[in-house]
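The chain contents come next:
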Amino acid sequence: MQFTVTNTSDLGRRIEVEIPNTRVAGEVDRRLRDLSRTANIRGFRKGKVPLQVIKQQYGQQVRGDAVNELIRQSYTDAVAKENLRPVGGPTIEPIQIEAGSDLKFAALFEVLPEFTVGAVEGYDIKRSVAGITETDIDAMLESMRKQQVKYVPVERPSISGDRVTVDFLGRLDGVAFAGGEGKDMQVVIGSGRAVADFETALIGVTAGESKSAPVKFPDTYGSPDLAGKTTEFDLTVKAVEEEFLPPIDDAFAVAFGLPEGGVAALRTEVRASMEREAAEAARARLRTQVFDTLARENPVQVPRALLDQQVQQMQIETMQRMGLQDASQIPSRELYAEPARRRVMLGLLIGELVRREGLKADRQTIIQRLDELVGAYPNADEMRRAYLQDQNAMRQIETGVLEDQVVDWVLGRARVTDLPVSFAELTGFGRPASDQA
């Protein structure tokens with residue numbers, strides 16, 4: 001076998017291979033003889049079929065199989081001799097494959113980039129540290145009160161914060177439109193969950209009142225038929241209720257699973273929960289900071305094949321998260337290009353550190369991480385068995401453990417300084433979900 005290797009790009013390679021016809025013919029002949037000992041052909045006893053008959057009936061198929069195997073084997077040998085690290089399988093371009101001639105083909109593929117991870121001792125890492133104050137606990141308890149909100153009927157006109165139950169019928173240019181009719185819809189005025197003009201129209205209404213009001217839909221509204229349009233809504237008010245928040249007392253503590261100890265025990269439990277949340281958020285920040293620094297200080301060229309694979313994976317994740325079935329609804333791949341590039345780059349950097357430093361994910365740590373993962377499910381034992389039987393799922397857990405080891409390895413060598421922050425700043429507590437990173 002003879003071969004030559006040329007660079008088609010920084011990471012692209014082309015191997016041209018030539019295999020003498022004598023080797024091809026020998027491999028075909030060997031396969032035909034093996035087949036003659038097992039083939040069942042009418043008119044001949046098993047193992048007694050003449051080789052010429054085997055050639056006539058199976059020759060083309062056998063030669064095709066032999067050529068494919070020789071291509072696979074010679075490509076693998078050439079890659080090993082050149083110490084290349086291919087990314088994925090090659091694209092094979094036949095050059096000369098006719099019977100009676102030397103076999104010639106080209107294999108096109110990408111290789112993993114050659115790089116080293118530089119010293120991390122100069123990295124400046126800020127570790128966020130948040131102490132839990134009594135004011136923080138008060139704010140958390142107030143949030144918990146709002147989780148227990150109840151609504152009680154009132155006879156006064158509605159104000160912001162009230163819940164209004166309403167029947168409605170919307171018209172555009174005097175014609176009812178799809179989705180514009182509903183009964184017993186509950187709207188909390190000022191919550192922003194309904195179109196702004198719709199909520200405004202409910203201010204000052206009383207139970208039993210009927211009215212009509214103009215409602216303009218925002219320009220960014222999901223339905224193009226209504227976006228930016230002004231409609232007319234007929235409203236029939238069924239009820240007006242104001243919110244009632246329970247007092248923070250012993251009964252309130254019982255409602256949150258603390259039958260003994262009252263408010264004092266509840267505050268202790270809340271503090272412990274907030275400390276765990278703060279620790280998790282601080283760890284997440286550290287993790288992101290370490291990975292960002294690794295990527296910034298060690299730029300690595302990303303193979304196109306790995307980038308395409310990661311983009312596709314992120315598109316699949318988006319479909320699953322949004323419950324989409326139609327692939328045409330997925331945003332274009334350009335939106336995923338940079339996040340995918342970062343994922344691939346970090347994967348290469350982390351993999352190199354794991355290899356170079358001999359980091360390993362021991363079985364005990366993996367199982368501990370699995371138990372933490374399934375512990376939040378009501379059917380934890382069933383989920384645990386499902387994970388253990390899913391190699392891909394267990395591989396993801398192992399990857400997470402190795403990533404944490406890389407983070408700890410970097411933190412053990414970098415310059416790490418504490419950065420005092422508030423609980424709200426660290427966790428995003430109190431901010432709308434859409435504002436949280």
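Residues numbered from 1 in each chain as written. Predicted model: local features only at pLDDT ≥ 70, side-chain atom pairs only at ≥ 80, totals over all residues. Heavy atoms only, no water.

## Details of the packing of helix α3 (residues 134-147) against helix α6 (residues 262-297)
Argument step 1. Relative to each other, α3 and α6 sit at 100 degrees, their axes nearing to 10 Å. Considered as vectors, α3 and α6 are oriented roughly perpendicular to each other. Between α3 and α6, the contacting residues are Glu134, Asp136, Ile137, Asp138, Met140, Leu141 and Met144 on the first element and Leu266, Arg267, Val270, Arg271 and Met274 on the second.
Argument step 2. Taken together, the residues of the contact of α3 with α6 break down into seven nonpolar, no polar and five charged. (Axes fitted to C-alpha atoms, helices over the stretch in contact; angles between N-to-C directions. Helix = DSSP H or I, 4+ residues; strand = E, 2+ residues; numbered from the N terminus. Parallel < 35°, antiparallel > 145°, perpendicular 65-115°, else oblique. Contact = heavy atoms within 4.5 Å. Nonpolar A, V, L, I, M, F, W, Y, C, P; charged D, E, K, R; others polar.)

## Looking at the confidence of the model for the protein
Argument step 1. Averaged over the protein, the pLDDT score is 92; the fraction of residues at 70 or greater is 98%.
Argument step 2. Looking over the protein, one finds the lowest element-wise mean pLDDT in helix α7 (residues 304-322), namely 90, and the highest in strand β7 (residues 163-172), namely 97. (pLDDT = per-residue confidence, 0-100.)

## A look at the packing of α7 against helix α8 (residues 337-357)
Argument step 1. Where α7 contacts α8, the axes come no closer than 9 Å and their chain directions differ by 120 degrees. One finds that α7 runs oblique with respect to α8. The way α7 lies across α8 gives a crossing that is right-handed. The residues of α8 that touch α7, namely those facing Leu306, Leu307, Gln310, Val311, Met314 and Glu317, are Ala337, Pro339, Ala340, Arg341, Arg343, Val344 and Leu348.
Argument step 2. Here the residues of the contact of α7 with α8 sort into nine nonpolar, one polar and three charged. (Left-handed = near helix turned anticlockwise from the far one by under 90°.)

## A few points about the sheet that holds strand β4 (residues 103-111)
Argument step 1. Spatially, the four strands line up as an open sheet ordered β1-β2-β4-β3, and their pairing is antiparallel. Each of the sheet's edge strands pairs with one partner strand only, and the pair in question is β1 (2-7) and β3 (86-96). Pairs of neighbouring strands in the sheet enclose a mean axial angle of 20 degrees, with direction left out of account.
Argument step 2. As judged from the eight bridges shared by strand β2 (residues 12-19) and β4, these two strands associate in the antiparallel manner. Bridge pairing in β4 links valine 17 to phenylalanine 105.
Argument step 3. Running over the sheet, helix α2 (residues 51-81) touches β1, β2, β3 and β4 and is turned about 50 degrees from β4. (Pairing = 2+ DSSP bridges.)

## Description of unusual backbone geometry
Argument step 1. The phi dihedral of asparagine 83 is positive, around 55 degrees, even though this residue is not glycine.
Argument step 2. As for its position among the elements, asparagine 83 is in the loop between α2 and β3.
Argument step 3. If you check the backbone angles, aspartate 173 has positive phi at about 55 degrees while not being a glycine.
Argument step 4. You can see aspartate 173 is positioned in the loop between β7 and β8 (175-188).
Argument step 5. Assessed through its relative accessible area of 72%, aspartate 173 is described here as exposed. (Buried < 20%, exposed > 50% of the residue type's maximum accessible area, 1.4 Å probe, protein only.)

## A short note on the packing of aromatic side chains
The description of two aromatic rings rests on the distance between their centres and on the angle between their planes.
Argument step 1. Counted under the stated rule, the structure contains ten aromatic pairs.
Argument step 2. Taking the centre distance of 5.6 Å and the plane angle of 85 degrees together, the rings of phenylalanine 168 and phenylalanine 198 count as edge-to-face. Here phenylalanine 198 lies in helix α4 (residues 196-201) and phenylalanine 168 lies in strand β7, a separation of 30 residues in the sequence.
Argument step 3. Measuring from centroid to centroid gives 6.0 Å for phenylalanine 177 and phenylalanine 233, while their planes differ by 75 degrees, and the two rings are edge-to-face. Residue phenylalanine 177 is found in strand β8, and its partner phenylalanine 233 is found in strand β10 (residues 230-244); the two are separated by 56 residues along the sequence. (Phe/Tyr/Trp six-rings, centres within 6.5 Å; stacked < 30°, edge-to-face > 60°.)

## Topic: the nonpolar core
Argument step 1. If you look at the biggest cluster of nonpolar residues, it comprises 46 residues, and the most contacted ones within it are Val290, Leu294, Val406 and Val410.
Argument step 2. For this core, the leading source of residues is helix α11 (residues 391-411), giving ten residues.
Argument step 3. Beyond its immediate sequence surroundings of up to four residues, valine 406 is in contact with Leu294, Ile350, Leu353, Val354 and Leu359.
Argument step 4. Ile15, Val28, Leu32 and Tyr75 belong to the second-largest nonpolar core, a separate cluster that totals 24 residues. (Core = buried A, V, L, I, M, F, W, Y, C linked by side-chain atoms within 4.5 Å.)

## Re α8
Argument step 1. With 21 residues, α8 should cover 30 Å at 1.5 Å per step; its first-to-last C-alpha distance of 30 Å lies within 8% of that length.
Argument step 2. Restricting attention to buried positions, one finds in α8 the residues Ala340, Val344, Met345, Leu346, Leu348, Leu349, Ile350, Glu352, Leu353 and Val354.
Argument step 3. Buried residues belonging to α8 abut α6, α7 and α11.
Argument step 4. Where α8 terminates, the next one or two residues include glycine 358, which has phi positive at roughly 65 degrees. (Expected span 1.5 Å × (residues − 1).)

## Concerning the side chain of glutamate 352
Argument step 1. With respect to the helices, strands and loops of the structure, glutamate 352 is situated in helix α8.
Argument step 2. Beyond its immediate sequence surroundings of up to four residues, glutamate 352 is in contact with Phe115 and Val117.

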